[in-house]
Amino acid sequence: LIGVYTNRHGDRWELQLKGSGKTPYSRNGDGRAVLRSSVREFLCSEAMHYLGIPTSRAASLVVSDDDVWRDQFYNGNIKKERGAIVLRLAKSWFRIGSLEILAHSGELDLLRRLLDFIIQEHFPSIAMNDSNRYLEFFTTVVSETANLISLWMSVGFAHGVCNTDNFSLLSITIDYGPFGFMDSYDPNFVPNTSDDERRYKIGNQASVGLFNLSKLLQALKPLLDPRQKQLASQILEGYGEHYYSRFTELFKTKLGLLGENENDNYLIAFLLKVSLLC
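Here the structure is a predicted model, which is why all the values come from computation and not from measurement.

Draft legend 1. Structural context of the overall build of the protein chain. Helix and strand content of the protein chain: eight helices and six strands. Scanning the protein chain from its N terminus toward the C terminus, one meets helices and strands in the order β-β-α-β-β-α-α-α-β-β-α-α-α-α. Here the C-alpha atoms of the protein chain give a radius of gyration of 20 Å, agreeing with the 19 Å that 2.2 N^0.38 yields for 278 residues. For the protein chain, the C-alpha atoms occupy an extent of roughly 55 × 55 × 40 Å along the three principal directions. Put simply, the protein chain has 278 residues, and 42% of those count as buried. Within the protein chain, residue pairs in contact and separated by at least 24 positions form 60% of the contacts whose partners lie at least 6 positions apart. Accessible surface computed for the protein chain: about 15500 Å², of which carbon and sulfur atoms make up 52%. Of the side-chain charges in the protein chain, 30 are positive and 32 negative, and the distance between the mean point of each set is 4 Å.

Next comes the structure, spelled out in structure tokens:
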């Protein structure tokens, strides 16, 4: 993260470099990015924006002079590739994992301070003096996550690595890695060649979203009273219904279906099954 920029319209953007090298939070990697993946992220994030799907944006791409060694297909065949750096923008880069790690390490004071900052900066509809603000925050993230994954499914987008570190607290698409779009409908479509267990196949995205939200709730529980914990669990239980409702709404729009009909869901399921057989 290199800074925050407010444009002439008053929009606030956090600027982040991908591929510029190691940071204090790097794991075992070199922090570099290859040209092919950088071009893919640039093009896809802009395409997703114009498809109307909440996403980070790409501002620039610079080819670097560094050689980057990568095993593209994870088959032991390491090759030298050209490096690149993407300047990407988002309203925020905070993720579920940003809160999860603090709760896990018992840093509850810092967890509360960070959560209050996120709410104040990015959730203006939630009053900071509201004793239920964390519950309201969780409610919003649950509904918006369901909406985001429904939108992914409506265009056949598979993120590829849907862990808690890649799920935005603002429910936008971030961290484009081994993503892919289905050429034809296949719920078992996996764009990530290293995902041998098919955990993040496209048909699992809604379920993985629920898993990640359960981890978010687990991180928030130290800050909730018993009544709020019970209500938060009920909110999480409603995730599936919210997702299914939004998914159905999007597919009905695709088919030009108006109003409500008890056979709409059957028709959508039937057409998806026909697509699978084609």
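Draft legend 2. Representation of the pairing of strand β1 (residues 3-6) in the model. Both β1 and strand β2 (residues 12-18) contribute to a ladder of four bridges, which runs antiparallel. Within β2, the residue paired with V4 across the bridge is E14. The hairpin formed by β1 and β2 contains five residues between the paired strands, and G10 there has a positive phi angle of roughly 85 degrees.

Draft legend 3. Broad picture of the packing of aromatic side chains. One pass over the full model with this rule turns up 11 aromatic pairs. Between Y243 and F247 the ring centres are 5.8 Å apart and the planes differ by 35 degrees, which places this aromatic pair in the tilted class. Placement of the pair is Y243 and F247 together in helix α7 (residues 239-255), with a separation of four residues, close to one helical turn. F247 shares its class with Y243; the two are buried. Among the aromatic residues, ring-to-ring pairing joins W152, F157, F167, Y176, F179 and F181 into one connected group. Against the face of W13 rests K91, its NZ or CZ located 4.1 Å from the ring centre. The ring of Y134 carries the charged tip of R133 above its face, separated from the ring centre by 4.7 Å.

Draft legend 4. Broad picture of the pattern of salt bridges. A complete count under the given rule lists 16 salt bridges for this structure. Put simply, R95 and D175 hold a salt bridge, and the shortest N to O gap is 2.3 Å. With R95 in the loop between β4 (79-90) and α2 (96-104) and D175 in the loop between β5 (157-158) and β6 (180-181), the pair connects residues that are 80 residues apart, well separated along the chain. A residue is classified by how much of its surface remains accessible, and R95, at 15% relative accessible area, is buried.

Each value, and the rule that gives it
- Residues numbered from 1 in each chain as written.
- Predicted model: local features only at pLDDT ≥ 70, side-chain atom pairs only at ≥ 80, totals over all residues.
- Heavy atoms only, no water.
- Helix = DSSP H or I, 4+ residues; strand = E, 2+ residues; numbered from the N terminus.
- Rg over C-alpha atoms; globule rule 2.2 N^0.38 Å.
- Buried < 20%, exposed > 50% of the residue type's maximum accessible area, 1.4 Å probe, protein only.
- Contact = heavy atoms within 4.5 Å.
- Areas by Shrake-Rupley, 256 points an atom, 1.4 Å probe, with all protein chains shown as cover.
- Lys, Arg positive; Asp, Glu negative; His and termini not counted.
- Charge placed at Lys NZ, Arg CZ, Asp CG, Glu CD.
- Pairing = 2+ DSSP bridges.
- Phe/Tyr/Trp six-rings, centres within 6.5 Å; stacked < 30°, edge-to-face > 60°.
- Lys NZ or Arg CZ within 6 Å of the ring centre and 35° of its normal.
- Salt bridge = Lys/Arg side-chain N within 4 Å of Asp/Glu carboxyl O.

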